[in-house]
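Notes for the structure review
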Amino acid sequence: MKPISELLQETLSKSPYWAEARYHRRNSQSVSVQKGLVKQAKSNLTSGVGIRVLVDGAWGFSSTSDLTPQALEKTLKLAIDCARSLSQLKKSKVKKLPATKLATGEFKIPGYDLLKQMPFEQKLQAVLKAEELTRKNSTLITSATCLYNELFEDKIVVTTDGANAASQLARNEIKLGAIAYKDGDMAESHESVGKTGSWDCLFSRNSLNQMSDSAAKLAVDLLSAPKIPGGSTTLILSPAMVGLLSHEAIGHTVEADFVLSGSVAQGKLGTQVASPLVTMCDSGTVPGVAHSGGELLVDDEGVITQKTTIIKNGVLNSYLHNRESAAIFEVEPTGNGRAWLYSDEPLIRMRNTYIEPGNQTLEEIIASTQEGYLVDCPLGGQADATGEFMFGAQKVTKIENGKLTKMYRGATISGQAFEVLSTVDAVSKEFLLDLGSGYCGKGQPAKVDAGGPYVRCQATIGGVQE
Amino acid sequence: MSQFFKNEKEKLETAAGKLLSYAIKSGADKAEVCGGYGLKTKISLEKQDYQLASSDDGYSLGVRVLKGHRQGFASCNSTDPAELKEIAIKANEIAGFSPENPHYSIQQAENIPVEAPHNLVDPALTDLSLQSQKDWTRLMVAEATKDKRFRLNEGTVEIGSGISLLINSLGVRQMEADTIASWSLMGMGVEGNTITSFDYFSEISRKASATPDKIVLSTRKFIDEVIRNLTTGKSESYKGLVIFTPRAVLDILISSLSYHFNGRAVAENTGRWGLKDRDQKILDSRLTLRDNPWLTDRAGCSSFDREGTPTRPMALIENGVLKSFCLDHYSAHALKLSSTGHAAGGPSSLPSVSTHTLCLSSGNESKAALFTKAQQEQKSFLVVHRYSGQSDPVTGDFSGVAKGAEWWANGERKYYVQETLISGNLFEALGKDLVGISQENEVIDSDEESPTLLINNISVTGG
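These numbers were taken from a predicted model, which means no experiment stands behind them. (Residues numbered from 1 in each chain as written. Chains lettered and ligands numbered in written order. Predicted model: local features only at pLDDT ≥ 70, side-chain atom pairs only at ≥ 80, totals over all residues.)

Considerations on the packing of helix 4 (residues 130–144) of chain B against helix 5 (residues 211–228) of chain B
Residue and element names in this part refer to chain B. Under the convention used in this document: Axes here mean lines fitted to C-alpha atoms, for a helix over just the part in contact, with angles spanning 0 to 180 degrees between N-to-C directions. Note on conventions: DSSP H or I runs of at least 4 residues are helices, E runs of at least 2 residues are strands, and numbering of each starts at the N terminus. For classification, angles of less than 35 degrees are called roughly parallel, those exceeding 145 degrees roughly antiparallel, those between 65 and 115 degrees roughly perpendicular, and all remaining angles oblique. Each helix crossing is assigned a hand: it is left-handed if the near helix lies turned anticlockwise from the far helix by less than a right angle, otherwise right-handed if that turn is clockwise. Two residues form a contact once the distance between their C-beta atoms, set from the backbone, is within 7 Å. In this classification, Asp, Glu, Lys and Arg are treated as charged, Ala, Val, Leu, Ile, Met, Phe, Trp, Tyr, Cys and Pro as nonpolar, and every other residue, Gly included, as polar.
Where helix 4 meets helix 5, the closest approach of the two axes is 9 Å, and the angle between their N-to-C directions is 20°. Judged by the angle between their axes, helix 4 and helix 5 are roughly parallel. Between helix 4 and helix 5 lies a crossing of right-handed hand. Together, W136, L139, M140, E143 and A144 of helix 4 and T211, P212, I215, V216, T219, R220 and I223 of helix 5 make up the contact between the two elements. Residue composition of the contact of helix 4 with helix 5, grouped by class: eight nonpolar, two polar and two charged.

Written out as structure tokens, the structure reads:
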């Protein structure tokens, strides 16, 4: 049987139009344990080819799991038929895609082979042990969970204008949960980490035992924590919370497809949108941070990923682009075209989004805060085209006269992202990518990471009103 | 289903049969195969324009095996016998090293009741031309772009047809075919420097003849809702009465409440209620909540579940009294009961538990009367439509941003608020703090339905 890249090239040679063929084989495995019982242990194998064509300024797409030359040719024809049909309706035709240096050769992120060689049974045993440690940490813990996922991704992207890139990476994540109960009151906590690489990469910062311990302790501590009063206040956001803010509230508004639809970032390039202390980037690889959760060397359009500075010293500097939007804005593509499966078309997605570190220590920032809260342990969040965001946080600690005092139960923080970033008056040296497990959703999932330093700003906490 | 995808049906049945046989030959005591075939054509919209047309079809098959009380599962997207053999072996391997769990089970199933929906196929949808699909998309675009203040960010019009199959080594064999038209839009209102929140809707139709009108009406309603949000202002902070419209009731309250009816939460004692609470009053006596899988115009319609058990309509809460939990075979075994047909999932996932279509019954006051009541008690109050936030099903606490919420004062809507947070507790909201339930019900996104609720003691934090 012919190598797949040759099959793809042969198929595309039959296209009179610009075309892209993307082979994707994904092998995923996952295990979840609750209260000592394996809830699921499973393996999934998905493979196929997606073909995208550009005909008379309109996109057509089709996919198949059948890798025979006949099936691939049929898929190409279907994609062309779809594009032809749409071109009659399309008002604003897609411009010729920008000439750019497209990826050729092999792109492999270390850790794939090591993770593959480690038996699934060994991973399952580690998950069982972690759940048990969490559950037995305190008599107040009534239930614990541990979930492990891994994805092995093999891709080949070939385009009629020169891309021919084979990439290989493995992503894995582990998530622990604990429920504590006392006198009719319940509290829940989560601890998670997600990486691109081997099993050991997951535990480069905290061991699995340490993660179990902190998940259990947080659930128990939250039991006695009161609910927080609501209102606008000073917040010090942890790297994980800064990551959420960077990704959800700023990152999405600067994805060029959202910009073209009228997001709040439209028309703001070159204007001051944040405090001069804020420099924000989105990058396939992060200098000094190996194996980040969103690490990517080449995107699904065959473009080599690059570091894109979204905000430079508070000034909006760049949007995030795929090849189509780069043509519209007449800039270089930034390597943000990503697809979840072979049967999905590439969309503009983030990779690792972060604020760059500053020059103060966290200790100095806390000491110089008269009154406010330290907000940590995100529970997810969403943001709007307006930049309005909502993030949940499990752990909120009061700061009074420069000292951390009382802990409160999880709360929601909200604000308008650019307004909040304009209030930033302190940025720490400590830096971490810390989005943990989970995926970004935009019609398709995408594995991303995000983080930054500790950042002091003004925002609203949604708590109880008396 | 006689002529509907005859070849695909045969191919799926053959592959599923082979997979079941490979699983038993590889060492399983019992095995279950879940399979599916799907064909879809989609026209996508983006940036106020047509973006992409696509066409895909494919198979997926998953096998669950039991070796004693050990379980394994593997799946693939191929009907190739070599790949099917590989996943059968993999599932058995996983079962081989997984610890025992006495509640794993693969069971025989009853026949599907005659009252259940037996035909979810409209040949006119299956045979729909790409030209007709383009015409439907044009209808949606025309409606969405009438008002220049609406910015269309994303949208789709999709026609999907599929077959679901469930067989097991105890003789269960269930098959169901389905055709569905679905459409969705996401966008915002923009006028000068005012930008509304993103808003989103999706609808389905199983009848080709009804689809064009439904597309136009649902798009018009959606655009009106988005545009009215351009009149913005600030909310005050208070604790008191808030009106929850049907979407808010479902998103904030019912979605978290349903966790406590999940048989697995009951079996693991992580839910609020247990078997001892059946026939006990658990919430306000005006509340009745049913799960109905037989509503053919809803997305959650199906005649059998992920384990082949026939579905049936049932009451979860009746007049505030707990009547039943939602069970799959796993939770049923753990609780020494029978499955209620609530195993959820597809060929690439193990069975979990989920409701089908939740319907909260209407009350005895008009919606207008609820507004009057709120106004008599408080000079101003918030009306919540959508929500972006956290809901902790375990504690019942919720906290998040009220999106596109209305600020009412002196008997009239003043404006729509941004950056307004609400928080409360669902058990209190549906218990002691429930003030009123409207007579009017609304179906949201062609799926669940709810009346409007007036609830007290909700914390509102204005930005």
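Focus: the nonpolar core
Threshold: Note on definitions: a nonpolar core is a set of buried residues drawn from Ala, Val, Leu, Ile, Met, Phe, Trp, Tyr and Cys, linked by C-beta atoms within 7 Å. Counting other C-beta atoms within 10 Å of a residue's C-beta gives its exposure: the residue is buried at 20 or more, exposed at 12 or fewer, and partly exposed in between, where C-beta atoms are placed from the backbone.
Ranked by size, the top nonpolar core spans 261 residues in total, and within it A83 and A219 of chain A together with L19, V63, V242 and V384 of chain B carry the most contacts. Per-element accounting of this core gives the leading share, nine residues, to strand 6 (residues 164–182) of chain A. With near-sequence residues (within four places) excluded, V63 of chain B lies in contact with L19, A23, A31, V33, F73, A74, I87, A88 and A91 of chain B. By size, the runner-up hydrophobic cluster in this structure holds six residues, among which are L125, L128, I159 and A181 of chain B.

What about helix 5 (residues 208–223) of chain A?
All names here are of chain A. Where we set the bar: Here the expected length of a helix is defined as 1.5 Å per residue gap, with one fewer gap than residues.
For helix 5, spanning 16 residues, the distance from its first C-alpha to its last is 23 Å, which sits close to the expected 22 Å at 1.5 Å a residue. Within helix 5, the full set of buried residues consists of L208, M211, S212, A215, A216, L218, A219, V220 and L222. Along its buried surface, helix 5 packs onto helix 4 (120–135), strand 5 (141–159), strand 6, strand 7 (185–196), strand 15 (371–383) and strand 16 (388–400).

A short note on the domain arrangement of chain A
Residues and elements named next belong to chain A. Convention followed: An automatic or database domain assignment supplies the residue ranges for each domain.
Under the domain assignment, chain A is made up of domain 1 (4–223) and domain 2 (231–462). A straight line from the C-alpha centre of domain 1 to that of domain 2 covers 21 Å. With 43 residues of domain 1 in contact, the opposing surface of domain 2 contributes 33 residues. For the side of domain 1 that touches domain 2, the elements supplying multiple residues, two or more each, are strand 1 (18–34), strand 2 (37–55), strand 3 (58–64), strand 5, strand 6, strand 7 and helix 5. Considering each element in turn, the side of domain 1 that touches domain 2 owes the most residues, seven residues, to strand 7. Of the residues contributing to the side of domain 1 that touches domain 2, the split by class is 17 nonpolar, 15 polar and 11 charged.

Some remarks on the domain arrangement of chain B
Residue and element names in this part refer to chain B. Domains assigned within chain B are domain 1 (6–228) and domain 2 (231–463). Here the C-alpha centre of domain 2 lies 25 Å away from the C-alpha centre of domain 1. In this complex, domain 1 contributes 35 residues to the contact, which on the side of domain 2 involves 29 residues. Going through the elements one at a time, strand 1 (30–46), strand 2 (49–67), strand 3 (70–76), strand 4 (150–168), strand 5 (173–191) and strand 7 (199–205) are the ones with two or more residues in the side of domain 1 that touches domain 2.

Some thoughts on helix 6 (residues 239–251) of chain A
Taking 1.5 Å of rise per residue, 13 residues should cover 18 Å, yet helix 6 of chain A covers just 16 Å from first to last C-alpha, more than 12% shy of that figure. In terms of burial, helix 6 of chain A is largely enclosed, as 13 of its 13 residues are buried.

Considering the pairing of strand 5 of chain A
All names here are of chain A. Selection rule: Strands are labelled as partners when DSSP assigns at least two bridges between them.
Judged from the 15 bridges that link them, strand 1 and strand 5 form a sheet pairing that is antiparallel. Of the residues in strand 5, the one forming a bridge with R25 is D154. Pairing of strand 5 with strand 6 involves 17 bridges; the strand directions are antiparallel. Within the sheet, the bridge partner assigned to C146 lies in strand 6 and is L176.

Regarding unusual backbone geometry
Within the chain, D56 of chain A stands out as a residue other than glycine whose phi angle is a positive 50°. For D56 of chain A, the location among the structural elements is in the loop between strand 2 and strand 3. Of note in this structure, D445 of chain B is not a glycine but carries a positive phi near 50°.

Looking at the interface of chain B and chain A
On the side of chain A, 63 residues touch chain B, which itself brings 59 residues to the contact. The leading source of residues in the side of chain B that touches chain A is strand 2 of chain B, at nine residues.

Some thoughts on the environment of H333 of chain B
Residues and elements named next belong to chain B. Relative to the elements of secondary structure, H333 occurs in helix 8 (residues 329–335). Take H333: there are 20 C-beta atoms within 10 Å of it, and that puts it in the buried class. Each C-alpha atom of the pair H333 and H103 lies 5.6 Å from the other, and the pair is 230 residues apart in sequence. Discounting chain neighbours no more than four positions away, the residues touching H333 are H103 and S105.

Points about the sheet that holds strand 10 (residues 308–312) of chain A
Residues and elements named next belong to chain A. With mixed pairing, the six strands of this open sheet are ordered in space as 11-10-9-14-23-20. Pairing within the sheet leaves two strands with one partner each, and these edge strands are strand 11 (315–316) and strand 20 (432–433). Contacting strand 9 (280–283), strand 10, strand 14 (352–355), strand 20 and strand 23 (449–452), helix 6 crosses the sheet at an angle of about 120° to strand 23.

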